[in-house]
Amino acid sequence: MDDPENVPPIEVLVFDLGGVLLDLNDPGAIFRLETSRDEFLDTWLHSSTVRAFESGQLDVPEFATRMVEEAELPYGPAEFLVRFDRWPHRLFEGVEELLLELNENFELALLSNTNARHWHRPGVGDALVPLIDRLFLSFETGYLKPDEAAFDDVCKKLGRSPSRIAFFDDNPANVAAACSFGLRSFLTRGRDELTSSLINLGI
């Protein structure tokens, strides 16, 4: 067990977006898929089409067309986009107040595999920009979790060693990768689990 006196203090809190700060509608219901949430998220995370889109390499029409083909969906690209737009719900209740409070003592950052279409939805990016110090959005940076380059980019641009950063994500693969890189990493889903993780950190 680490000696608490030798553990460097946390200086930056880095949050994932969907599932941590932003509530998401059930993807199985949204896309009419017979799959569990965890199975869907794992498939989504590793999809070559999703990775190309969320790193800014695909435009929206091409993304929709390829996703319909890749997932063998029973509807066309236009309907896929309607469903895709319904996936984000809203920020979890109390998230804005929590971030405002945390920002008094910590630098806050957002590290998210996301896309411009979701980020610019009303109540998402516009609500978070005033509360977050640094944004690492995959469609802007070109870096995707769980790739090591995504975490390296964050550490370099923040000018902090991994041990000074706490990271919160709802995907086990991302949490494991961040932990391997040296970040203090926590699997959290929703505001209540996020609050619990912060308490465990002594925050």
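Parameters and conventions
- Residues numbered from 1 in each chain as written.
- Predicted model: local features only at pLDDT ≥ 70, side-chain atom pairs only at ≥ 80, totals over all residues.
- Heavy atoms only, no water.
- Helix = DSSP H or I, 4+ residues; strand = E, 2+ residues; numbered from the N terminus.
- Rg over C-alpha atoms; globule rule 2.2 N^0.38 Å.
- Buried < 20%, exposed > 50% of the residue type's maximum accessible area, 1.4 Å probe, protein only.
- Contact = heavy atoms within 4.5 Å.
- Lys, Arg positive; Asp, Glu negative; His and termini not counted.
- Charge placed at Lys NZ, Arg CZ, Asp CG, Glu CD.
- Pairing = 2+ DSSP bridges.
- Right-handed = clockwise from strand over helix to strand, strands pointing away.
- Axes fitted to C-alpha atoms, helices over the stretch in contact; angles between N-to-C directions.
- Disulfide = S-S within 2.5 Å.

## A word on the overall build of the protein chain
Right, so step 1: When helices and strands are tallied, the protein chain shows 12 helices and 7 strands.
Right, so step 2: A compact globule built from 203 residues would reach a C-alpha radius of gyration of about 17 Å, and the protein chain, at 17 Å, matches this within 12%.
Right, so step 3: Dimensions of the protein chain along its principal axes, counting C-alpha atoms only, are 55 × 30 × 30 Å.
Right, so step 4: By the burial criterion, 47% of the 203 residues in the protein chain qualify as buried.
Right, so step 5: At a minimum sequence separation of 6, the contacts of the protein chain that also span at least 24 residues come to 66%.
Right, so step 6: Taken together, the 18 basic and 36 acidic charged side chains of the protein chain have centroids lying 3 Å from each other.

## Examining unusual backbone geometry
Right, so step 1: In this model, Lys-145 is joined to Pro-146 through a cis peptide bond whose omega is 5°.
Right, so step 2: Structurally, Pro-146 is set in the loop between α9 (138-141) and α10 (148-158).
Right, so step 3: One non-glycine residue with positive phi stands out, namely Arg-32, at about 55°.
Right, so step 4: Within the element layout of this structure, Arg-32 appears in the loop between α1 (27-31) and α2 (37-46).
Right, so step 5: Although it is not a glycine, Glu-72 sits at a positive phi angle of roughly 50°.
Right, so step 6: Examined against the element boundaries, Glu-72 turns out to sit in the loop between α4 (60-70) and α5 (77-86).
Right, so step 7: The class for Glu-72 is exposed, based on a relative accessible area of 71%.

## Here's the deal with the pairing of strand β7 (residues 184-187)
Right, so step 1: With 4 bridges connecting them, strand β6 (residues 165-169) and β7 associate as parallel partners. From the neighbouring strand, Phe-167 faces β7, where its bridge partner is Ser-185.
Right, so step 2: Read as a crossover between parallel neighbours, the route from β6 over helix α11 (residues 172-181) to β7 is right-handed.

## Remarks on the sheet that holds strand β4 (residues 107-112)
Right, so step 1: One open sheet holds the 5 strands; their spatial order is β5-β4-β1-β6-β7, and the pairing between them is parallel. If you trace the sheet from one side to the other, it starts and ends with β5 (134-137) and β7, each paired once. Put simply, the sheet's adjacent strands are angled 20° from each other on average, direction ignored.
Right, so step 2: Bridge analysis of strand β1 (residues 12-15) against β6 gives 4 bridges, and the strand direction is parallel. Within β6, the residue paired with Val-12 across the bridge is Ile-165.
Right, so step 3: Across the sheet, helix α12 (residues 190-200) touches β1, β6 and β7, and the angle it forms with β6 is around 155°.

## Here we look at the state of the cysteines
Right, so step 1: With the rule as written, the count across this model stands at 0 disulfides.
Right, so step 2: In this structure Cys-155 is a free cysteine whose sulfur lies 13 Å from that of Cys-179, the closest cysteine sulfur available.
Right, so step 3: By relative accessible area, which is 7% here, Cys-155 ends up buried.

By themselves, these are just geometric observations and shouldn't be taken as functional.
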